[in-house]
Amino acid sequence: MTLPSKTIEGPKFNPKQVEFCRSSVRYTGYGGARSGGKSFVGRWKCVLLCFYYPGITCMIMCRSYPELEANHIRQLKEILKGMAPYNKTEKTFYFPNGSTILLRYAATEDDLLNYQGTEVDILLIDEATQITWEMFVKCKACVRGANQFPKRVYLTFNPGGKGHAWVKRLFIDRKFMPEENPAEYVFIQAKAADNIALMEKDPGYINQLKSLPPKLRKAWLDGSWDIY
């Protein structure tokens with residue numbers, strides 16, 4: 001891996017996050033419960049790919065710009081320490097080796113019209129259960145290109161939301177349509193207890209989840225998909 005003259009401190013992944021980073025299938029789902037370190041590993045995966053493949057294009061997509069700012073842009077600035085400057089107007093991090101991370105948002109299907117001509121190699125959809133099936137189909141159509149880079153879609157999600165049904169069908173129930181290849185889909189379940197950093201800094205968080213009403217507790221603590 002070629003790095004710039006400056007260095008960055010590498011992440012400390014837990015075993016589930018390592019499994020996520022090693023996945024090379026077309027569609028990798030991660031999460032299924034609250035606080036499993038989803039956004040953390042997703043943005044780090046994009047950073048590592050950008051350093052490893054000079055010229056690769058990654059895109060991180062959330063439902064709104066405030067979510068991008070709160071969950072990814074600020075953290076990426078801290079990680080990269082100016083080695084990949086951020087262009088606020090273009091909402092893009094530019095790496096010295098030609099790689100880029102695009103930050104985009106879409107609350108509705110109409111928002112996706114802005115990205116019809118966008119081509120990326122890697123797409124990370126953060127909180128995928130917050131978008132509809134139609135939005136997912138349009139998002140993944142951006143992952144294309146005649147180059148040597150891998151083409152992958154990473155999705156993080158929890159139970160619930162307007163996309164609950166299609167996410168559950170693909171990654172939990174694994175009920176595929178004829179045109180879908182089961183070998184291209186993998187789900188890595190991560191719970192709060194798998195988040196080693198969180199457990200060290202805030203061990204009482206598990207008790208907060210345990211004190212929730214039964215249905216929410218099953219979804220957010222246990223990662224149950226059958227309550228909605």
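Before reading on, note that the structure itself is shown above.
Described in the following lines is the structure provided in the data block. Computed from a predicted structure; not experimentally measured.

Another aspect to go through is the overall build of the chain. Counting secondary structure elements, the chain contains 8 helices and 8 strands. Taking 2.2 N^0.38 as the reference for a compact globule, 228 residues should give roughly 17 Å; the C-alpha atoms of the chain span a radius of gyration of 17 Å, in line with that estimate. Across the 228 residues that make up the chain, the buried fraction comes to 47%. For the chain, the computed accessible surface area is about 11000 Å², with 52% contributed by carbon and sulfur atoms. The averaged location of the 23 negative side-chain charges in the chain is 3 Å from the averaged location of its 32 positive side-chain charges.

Looking now at the packing of aromatic side chains. All told, the structure shown has 18 aromatic pairs when counted by the stated rule. With a centroid separation of 4.4 Å and 15 degrees between ring planes, the pair formed by Phe136 and Trp166 is classed as stacked. Of this pair, Phe136 sits in helix α4 (residues 133–140) while Trp166 is found in helix α5 (residues 164–172), placing the two residues 30 residues apart along the sequence. Under the relative-accessibility criterion, Phe136 is labelled buried at 0%. By way of ring pairs, the aromatic residues Tyr27, Trp133, Phe136, Phe157, Trp166, Phe171, Phe176, Tyr185, Phe187 and Trp225 are connected into one cluster. Positioned above the aromatic ring of Tyr65, the side-chain terminus of Lys91 is 5.2 Å from the ring centre.

What counts, and where the lines are drawn
- Residues numbered from 1 in each chain as written.
- Predicted model: local features only at pLDDT ≥ 70, side-chain atom pairs only at ≥ 80, totals over all residues.
- Heavy atoms only, no water.
- Helix = DSSP H or I, 4+ residues; strand = E, 2+ residues; numbered from the N terminus.
- Rg over C-alpha atoms; globule rule 2.2 N^0.38 Å.
- Buried < 20%, exposed > 50% of the residue type's maximum accessible area, 1.4 Å probe, protein only.
- Areas by Shrake-Rupley, 256 points an atom, 1.4 Å probe, with all protein chains shown as cover.
- Lys, Arg positive; Asp, Glu negative; His and termini not counted.
- Charge placed at Lys NZ, Arg CZ, Asp CG, Glu CD.
- Phe/Tyr/Trp six-rings, centres within 6.5 Å; stacked < 30°, edge-to-face > 60°.
- Lys NZ or Arg CZ within 6 Å of the ring centre and 35° of its normal.

Function cannot be inferred from these measures alone, as they are strictly geometric.
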